[in-house]
Amino acid sequence: MRALVPRLMLPLMLLLSACSGGPAGPPGPLFVNPAAGSDAAAGTAARPLKTIGRALELVKAGGEVFLQVGTYRGEVWPLAVPAGVTIASVAPGGAVLASSIAGEGKALAFAQGGAATDLTIEDFAVGVSVTGGTVELVGLRFTGIATISVVALGDSDVTLQGCVFQSTGSAVGVDAREDATVSVDGGSVAGGSAAFRVWAQVRFSARNLTVDDSEAGLWIPSGSGSASLTGVTITNTRGTAVRIFFTSADVTLDHVVIEGATGDGIYAQGLLGDLRLIGGRVSGVGAGRGAVSMQGNSASGESGTLYVEDTQITQNEGNGLEVTSFAHADVRDADISGNDGLGIRLAEPASIKVRGTTITGNAASGVYLEGFGHVQSMVSAADLGTINDPGLNVIRTNGVTGIHFETSSIGVVTASGNTWNNSVQGASPTGEMTVGTSLAGPQSGTNFQLEANNEIWF
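Not measured: the values here are computed from a predicted model. (Residues numbered from 1 in each chain as written. Predicted model: local features only at pLDDT ≥ 70, side-chain atom pairs only at ≥ 80, totals over all residues. Heavy atoms only, no water.)

*Asks:* Where do I start with the pattern of salt bridges in this structure?
*Replies:* It is possible for side chains bearing opposite charge to pair when their charged atoms get close. Within the structure shown, the criterion is met by 13 salt bridges. Of the charged contacts in the structure, one is a salt bridge between D264 and R289, with a shortest N-O distance of 3.0 Å. Taken together, the positions of D264 in the loop between β27 (257-261) and β28 (266-269) and R289 in the loop between β30 (281-285) and β31 (290-295) put the pair 25 residues apart, joining distant regions of the chain. Look at D264 and you get buried, because its relative accessible area is 7%. For R289, a relative accessible area of 34% corresponds to the partly exposed category. K353 serves as the salt-bridge partner of D389, at 3.7 Å between the closest nitrogen and oxygen. Taken as a pair, D389 in the loop between β41 (381-383) and β42 (394-396) and K353 in strand β38 (residues 351-355) lie far apart in primary sequence, 36 residues in all. Residue classification places D389 among the partly exposed residues on the basis of a relative accessible area of 29%. K353 gets classed as partly exposed once you look at its relative accessible area, which sits at 25%. Salt bridges linked by common partners bring K353, R355, D383 and D389 together as one network. (Salt bridge = Lys/Arg side-chain N within 4 Å of Asp/Glu carboxyl O. Helix = DSSP H or I, 4+ residues; strand = E, 2+ residues; numbered from the N terminus. Buried < 20%, exposed > 50% of the residue type's maximum accessible area, 1.4 Å probe, protein only.)

*Asks:* Looking at this model, I keep getting lost on the nonpolar core. Mind explaining?
*Replies:* One broad trend across soluble globular proteins is that nonpolar side chains are buried collectively. Within the largest apolar cluster, 110 residues are counted, with the highest numbers of intra-cluster contacts made by L108, I121, L137, F196, F204 and L218. Broken down by element, this core gets its largest block of residues, four residues, from helix α2 (residues 52-58). Within the second largest apolar cluster, five residues are counted, among which are V126, I148, L153 and V172. (Core = buried A, V, L, I, M, F, W, Y, C linked by side-chain atoms within 4.5 Å.)

As structure tokens, this is what we get:
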């Protein structure tokens, strides 16, 4: 009878083994060492595995894989991370995931959530792809990536904290597509074609980081989602710092600083959503470019609105603010000064409202109205203040004149409650104009340059 016990236990043991999916790893986290490890080892800190691939075969759902210091080049890429698994370096940046062929392959692929912490990922075509689930990427360093460091697809929810992107060539730091939600906090981006590229219905945000020497900081080529930058500094852009094309996305730049751009500082064309600039600064944009440019969709005659609030657009080599092609702008408490071109250029058809703004020291005119009144399909408007809603703008000491109508046949500007150059063209010794009066062209002076049929109402 005693011999029956082992015989009964054996099938039960085999059944339990089959149900568990084969040999299990240790109950705790798994450790990997590319130099001293063995894939036949137990996977403990003292007896690590050799490859990450083997660790991912053994790890339990939601488990942890710790990579000891070393270069992990002999893996079968990409590494598919199981649901909820965290891959982490035991020392920040000490575990290096490196492509065996520079510029090819993908390092990590997440489809069901998980995390990666403190890894260095280098020389791949794509660093990390996320197609589903909630994924946290913390303290990652990307170097030598050929195409995209992080790509978020599907309905994935990706958070990046303190990640560093050292991009080269045409590489993109973070590429967000489809219906993804992406949040970036801290870190830095240097080089590459774009720090952040946002498409489709993506919800994207980035805060408290720096972008330097990239072709673009934020690039939105299409879509209908939303994007926001908060506390971001974009310097030495080799192209346009923020590029937005033919999209209905809503975009907010909150306390964003743009310093130096070979292209435009902020350029939005065909934007049907709203663009909000709050409390930031745009300076050092190159000659012949617009520091901030808003264009509507000339084919459809539609446009969103550019809101500029408490923002400095100063010391640029070209024009400060350009509003053209059916676009609308609402400017409040801004400083548009010291630009080598025009302060504000409004090219019909377009409209603008300006309140509490300083427009001084621009080398050309302060406000330039181009072709104003020629297009009958839209009533263009330049509202610099009304009797019931005074402008409270300071429009003085600009190189040519305060307001300049150019090639305009019909046009009326309301400009009540502003401060002008003193004692010229009807201005008092303190630069005020008599409320309820108007000035008709032709006129030429340091405050106004009007053609026939042009009028300014005070």
